[in-house]
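Results of the structural survey
What follows is the residue order along each chain.
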Amino acid sequence: MNKTIMITGATTGFGKATAEKFAANGYNIIITGRRKDLLDELENKLNAFGTIKVLSLCFDVRRKEEVESVITNLPEDWKNIDVLVNNAGLAVGLSHIQDGDSEDWDRMIDTNVKGLLYVTRAVSPLMVARNKGHIFNIGSIAGKDVYENGNAYCASKFAVGALSKAMRIDMLKNNIRVTLIAPGMAETEFSIVRFNGDQQRAKNVYKGFDALTAEDIAGVIYYCATLPENVCINELEITPTQQASVNHSFRRE
Ligand code: NDP
Ligand code: 8X3
């Protein structure tokens, strides 16, 4: 029988690439996100794999009641979620804390921290009931060290790191694996969102730089998920070869 993976934020970037990777390897896929048109497009693409099932759920992870209702009302044959990828997240803005926009802070904390908590609270009891499951939390190297102007985004990703450790401990007796994935710079829609749609500014972030791709991260998640069940990778930091840490990157001229 196929295993089932649920991925938040599967409309683009890491989430979409992860859906494609697991679909290609025979998993049934639950894709989620806010943009219905992109979910429909991906659902059609994944259905072409033929031997798997796809369920598309359009919701905002910040809406607690909606998250609870969507998971509670999952069709019975979709409740056996083997892998959850808490990926939905974003950075908005880049400014010194004294100039920061509190609405940007709210969006980041509500999505990256509270959204992740709501989804985990809804899905983890299904895993605990079966005494098996694997939760991936997409943190960041910005959750390992801070950089100038990163303040609230870094804080949200430090929180993801803390929650990953906490989940691992809280569900230790329930045989639940928890893996924190902490990527460095990857070229997705991330910078376009951070700079409110400014494509040129987003492009400049990756100039002279071989950034990670969404597929690189999907491959790492797949690797961790398919290790023998007695093995749990608790945490993995992955950067481009040209990036040693959040504050040390090498760019070609
Ligand atoms: P993308 O912008 O390409 O993808 C973000 C995904 O999150 C989209 O599918 C978006 O879908 C979804 N999302 C955002 N807000 C919400 C919300 N409120 N409710 C539901 N879904 C939401 O960026 P990445 O793929 O790069 O980012 C994925 C994760 O990886 C994020 O948590 C990010 O912080 C993290 N990360 C990214 C790095 C990078 O350099 N790219 C490095 C380290 C970590 P939609 O808009 O349709 O809702
Ligand atoms: C995204 C990586 O360095 O832009 O989490 O914050 S960084």
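Residues numbered from 1 in each chain as written. Chains lettered and ligands numbered in written order. Predicted model: local features only at pLDDT ≥ 70, side-chain atom pairs only at ≥ 80, totals over all residues. Heavy atoms only, no water.

An order of β3-β2-β1-β4-β5-β6-β7 is seen for the 7 strands of this open sheet, with the pairing classed as parallel. Each edge of the open sheet carries a strand with a single partner, namely β3 (54–58) and β7 (235–238). Between one strand and the next, the sheet's axes are offset by a mean angle of 15°, whatever the strand orientation. Pairing of strand β4 (residues 83–86) with strand β5 (residues 133–138), which is carried by 4 bridges, proceeds in the parallel orientation. (Pairing = 2+ DSSP bridges. Helix = DSSP H or I, 4+ residues; strand = E, 2+ residues; numbered from the N terminus. Axes fitted to C-alpha atoms, helices over the stretch in contact; angles between N-to-C directions.)

Before going further, it helps to examine the site of ligand 1. Near ligand 1 lie 29 residues; those nearest to it are Thr11, Arg34, Asp60, Tyr153 and Thr188. Backbone polar atom of Gly9 to an oxygen atom of ligand 1: 3.0 Å apart, as the coordinates give it. In isolation ligand 1 exposes 890 Å². Once the protein is present, 97% of that is buried. Most atoms of ligand 1, that is more than half of them, are within 2 Å of grid points of the largest pocket. Going through the elements one at a time, α1 (13–24) and α5 (151–170) are the ones with two or more residues in the shell around ligand 1. Considered class by class, the residues forming the shell around ligand 1 number 11 nonpolar, 12 polar and 6 charged. (Near = heavy atom within 4 Å. Polar contact = N/O pair within 3.5 Å; in protein donor to acceptor, adjacent residues only side chain to side chain. Areas by Shrake-Rupley, 256 points an atom, 1.4 Å probe, with all protein chains shown as cover. 1 Å grid on protein atoms, 1.4 Å probe; cavity = no way out; pocket = protein on both sides within 12 Å on 5 of 7 lines; lining within 4 Å. Sits in = over half its atoms within 2 Å of the grid points. Nonpolar A, V, L, I, M, F, W, Y, C, P; charged D, E, K, R; others polar.)

Enumeration according to the criterion identifies 13 salt bridges in this entry. In this structure, Glu189 and Arg35 form a salt bridge, with 3.3 Å as the shortest nitrogen-oxygen distance. Here Arg35 lies in the loop between β2 (28–33) and α2 (36–47) and Glu189 lies in the loop between β6 (176–183) and α6 (190–194), a separation of 154 residues in the sequence. Residue Glu189 is classed as partly exposed on the basis of its relative accessible area of 30%. Residue Asp210 pairs with Arg252 through a salt bridge whose shortest N-O separation is 3.3 Å. With Asp210 in the loop between α7 (199–205) and α8 (214–225) and Arg252 in the segment after β9 (248–249), this residue pair connects regions lying 42 residues apart in the sequence. Judged by relative accessible area, Arg252 falls into the partly exposed class, the value being 43%. Through salt bridges that share partners, Asp82, Arg130 and Lys132 make up one connected network. (Salt bridge = Lys/Arg side-chain N within 4 Å of Asp/Glu carboxyl O. Buried < 20%, exposed > 50% of the residue type's maximum accessible area, 1.4 Å probe, protein only.)

Around ligand 2, the surrounding shell consists of Ser140, Ala142, Tyr147, Tyr153, Phe190, Arg194 and Val246. Between Ser140 and ligand 2, the recorded distance is 2.5 Å, taken from a side-chain N or O atom to an oxygen atom. At 2.6 Å, a side-chain N or O of Tyr153 approaches an oxygen atom of ligand 2. Isolated, ligand 2 exposes 250 Å² of accessible area, and the fraction of that covered by the protein chains is 85%. In this structure the site holding ligand 2 corresponds to the largest pocket. Classifying every residue of the shell around ligand 2 by side-chain character gives 5 nonpolar, 1 polar and 1 charged.

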